[in-house]
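Overview (structure and organization)
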Amino acid sequence: MIWFWLKNSRIFSLPMAILSWLVIFVYALKNGGNIINGITALIGISFAQLATNLFDDYMDYKNLPPNSQQAKCAYIKDGKATLKDVLKVVILYLSISTLTGLFLLIRCGIPVIGLALIGGIIALLYSKMSQRGFSELAVGITFGPLLFEGVYFVMTKNFSLEVLVMSIAVVMFTIGLMYTHTVLDFEGDICSHKKTLVCRLGSKTKAINGIFFVYGLGYLFTLILAYIMKNPDILATFVLVPLVFNLKNSLKSFECGGEEKEFYVRLLKARNLMVFYSLILTLALV
């Protein structure tokens, strides 16, 4: 039962939170950061992400179009869980995340409340934001400046300009995963009148080409980060550029309503890009 809910909460996407956390965790440790606070923050971040993923299914299920992806809300469509069950698990996830926030509040002070409130509001509003084309903005804030500055603060009691630039560089690869997901859902989202950023572009061809813009911004801030930190090792992340082209070409060959396997193969390509980038960046910072 535990694995059932973790799988349907898209646990496969957790590496984007864990790897983002790892980058800033390592950097904060180099600056004398507190290990316990950093690990506690990871627990809260992980359960908040699982809650967001599951709540997105809760909201989406009510408006699923006939030609939606086979993988989309399959466990609800097949009767393996009800919407009430989904909501109960979402509340459980958020409760665990809230407890970690209270622990960090006691140890680190009032700023934790502000960070937690912003994250909580975005988590609850994510589905609505996604329907209006703001999912990338939501992900950009939560997995970028909010996560990086938040973890850095609870570990060091400070905020940092270098951390801000680092967060933008890394989060563009996280946004790449979310953007890829909306490209794969393009036809279904059009039918259900969901105004995602991809849908607003008007055509799937433009949406697929947008992959270059997303990852291009990531590499632009990577260059800025390498410059302000005076660390050329960070440029080793450019070895992943061919994988961006591979992802783009694989999206061109995908057909809506296809096999679940084909959907996830392409989604995992985007996830792996983010994982590899974060690992290389972490090694460069070490």
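These remarks concern the structure in this document. This structure is a prediction, so every number in the text was calculated from the model and none was measured. (Residues numbered from 1 in each chain as written. Predicted model: local features only at pLDDT ≥ 70, side-chain atom pairs only at ≥ 80, totals over all residues. Heavy atoms only, no water.)

On to the overall build of the protein, then. Tallying secondary structure elements over the protein gives 13 helices and 0 strands in all. Taken from the N to the C terminus, the helices and strands of the protein come in the order α-α-α-α-α-α-α-α-α-α-α-α-α. Across the 286 residues of the protein, 52% fall into the buried class. Long-range contacts, defined here as pairs at least 24 residues apart, represent 76% of the contacts in the protein between residues at least 6 apart. Summed over all atoms, the accessible surface of the protein reaches about 13100 Å², with 69% contributed by carbon and sulfur. (Helix = DSSP H or I, 4+ residues; strand = E, 2+ residues; numbered from the N terminus. Buried < 20%, exposed > 50% of the residue type's maximum accessible area, 1.4 Å probe, protein only. Contact = heavy atoms within 4.5 Å. Areas by Shrake-Rupley, 256 points an atom, 1.4 Å probe, with all protein chains shown as cover.)

Taking 1.5 Å per residue, 12 residues should reach 16 Å; helix α12 (residues 241–252) reaches 18 Å between its end C-alpha atoms and fits that length. Of the residues making up α12, those classed as buried are V244, L247, K248, S250 and L251. In an axial view of α12, the angular spread of the buried residues amounts to 165°, which keeps them on one side of the axis. Within α12, the exposed residues directed more than 90 degrees away from the buried face are P242 and K252. (Expected span 1.5 Å × (residues − 1). Arc of directions from axis to C-beta.)

With respect to the element layout, T237 can be found in the loop between α11 (204–228) and α12. The exposure class of T237 is buried, given its relative accessible area of 0%. A polar contact of 2.9 Å, which involves the side chain of T237, links it to the backbone oxygen of I234. Sequence-distant contacts of T237, defined by excluding residues within four places in its chain, comprise Y219, T222, Y277, I280 and L281. (Polar contact = N/O pair within 3.5 Å; in protein donor to acceptor, adjacent residues only side chain to side chain.)

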